[in-house]
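Structural description and commentary
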Amino acid sequence: MSIGGIYGAYGQARVSKSKAYSRALDEYIKAVYPKGTAKPDTLFIGKNEHMDGVKLPGVVQGATVDLLTSEDAQKKLSYRRSLIYLNIVGWLDKHTAEFLIVTFLEFKPQRHCYLYFTNAAGGEMKLDSLRFKYPYGNTRKVKAK
């Protein structure tokens, strides 16, 4: 799959790479922090080669989004009590988008979130499924949709 934008099955408008990543992050936050659950004030998102050209909004679901390298995040951890760091990788093609979000708490891996979308009418992304895996065994489980 290519990393570029996606087009709908019926020639809908292009969904930008930034919009696709933002939508995946939005769905992740809604799943991990349902209404009434305290959210962190800031989510730190790791810069990686898959995110070249991706512009994320400054706030998603009430949490500030800060895009930085893992080295910069480690420096922040030296003066912050806690830090939630996400690595996001996306695979986009004409009809679908898949994302893997790996959550780190104090740089210890916690869980993997897998999100699958299809491009719906009007160029909007429809969430097909969202699931979590806990390969590290020492984490709080989150109910998937």
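Residues numbered from 1 in each chain as written. Predicted model: local features only at pLDDT ≥ 70, side-chain atom pairs only at ≥ 80, totals over all residues. Heavy atoms only, no water.

**Some points on the sheet that holds strand β6 (residues 108–119)**
Where we set the bar: In this scheme, strands are said to pair when DSSP sees at least two bridges between them. Helix numbers and strand numbers start at the N terminus; a helix is a DSSP run of H or I with at least 4 residues, a strand a run of E with at least 2. Whether two residues are in contact is decided by their heavy atoms, any of which lying within 4.5 Å being enough. As a rule, the C-alpha atoms of each element are fitted with a line to give its axis, helices using only the stretch in contact, and angles between N-to-C directions run from 0 to 180 degrees.
In space, the seven strands of this open sheet follow the order β2-β3-β1-β4-β5-β6-β7, with mixed pairing throughout. Each edge of the open sheet is held by one strand with a lone partner, namely β2 (59–60) and β7 (125–133). Across nine bridges, strand β4 (residues 84–92) lies against strand β5 (residues 96–105) in antiparallel orientation. By the bridge assignment, I88 is partnered in β5 with I101. Sheet strands in contact with helix α1 (residues 17–32) are β1 (42–46), β2, β3 (63–68), β4, β5, β6 and β7, and its direction is about 50° off that of β7.

**Looking at unusual backbone geometry**
Here Q61, not a glycine, exhibits a phi torsion of approximately 50°, which is positive. For Q61, the position within the fold is in the loop between β2 and β3.

**A short note on the environment of L77**
Formally: Only protein chains enter the area calculation, which uses a 1.4 Å probe; residues under 20% of their type maximum are buried, those over 50% are exposed, and those in between are partly exposed.
Locating L77 in the fold gives a position in helix α2 (residues 70–77). Given the relative accessible area of 22%, L77 is considered partly exposed. Sequence spacing of L77 and E106 is 29 residues, and the spatial spacing of their C-alpha atoms is 7.1 Å. Leave out the neighbours within four places in its chain, and L77 touches S82, L83, E106 and F107.

**Considering the pairing of β6**
The pairing of β5 with β6 spans ten bridges and is classified as antiparallel. By the bridge assignment for β6, A97 is matched with F117. Counted along the chain from β5 to the antiparallel partner β6, the turn is two residues long, and its residue E106 has a positive phi close to 50°. Here β6 runs beside β7; their pairing, made up of eight bridges, is antiparallel. Its bridge partner being in β7, H112 is matched across the sheet by K133. Hairpin connection between β6 and β7: a loop of five residues separates the two successive antiparallel strands, and G122 in this loop has a positive phi of roughly 75°.

**Focus: the pattern of salt bridges**
Two side chains that carry opposite charge are able to pair once their charged atoms sit near each other. Using the following cut-off: Should a side-chain nitrogen of Lys or Arg be within 4 Å of a carboxyl oxygen of Asp or Glu, the pair is scored as a salt bridge.
Counted by the stated rule, this structure contains six salt bridges. The partner of E27 in a salt bridge is R23, and the shortest N-O contact between them spans 2.9 Å. Placement of the pair is E27 and R23 together in helix α1, with a separation of four residues, close to one helical turn. A salt bridge links K126 to D128; its shortest N-O distance comes to 3.2 Å. Judged by relative accessible area, D128 falls into the partly exposed class, the value being 39%. Linked through salt bridges whose partners overlap, the residues forming this network are R23, D26, E27 and K30.

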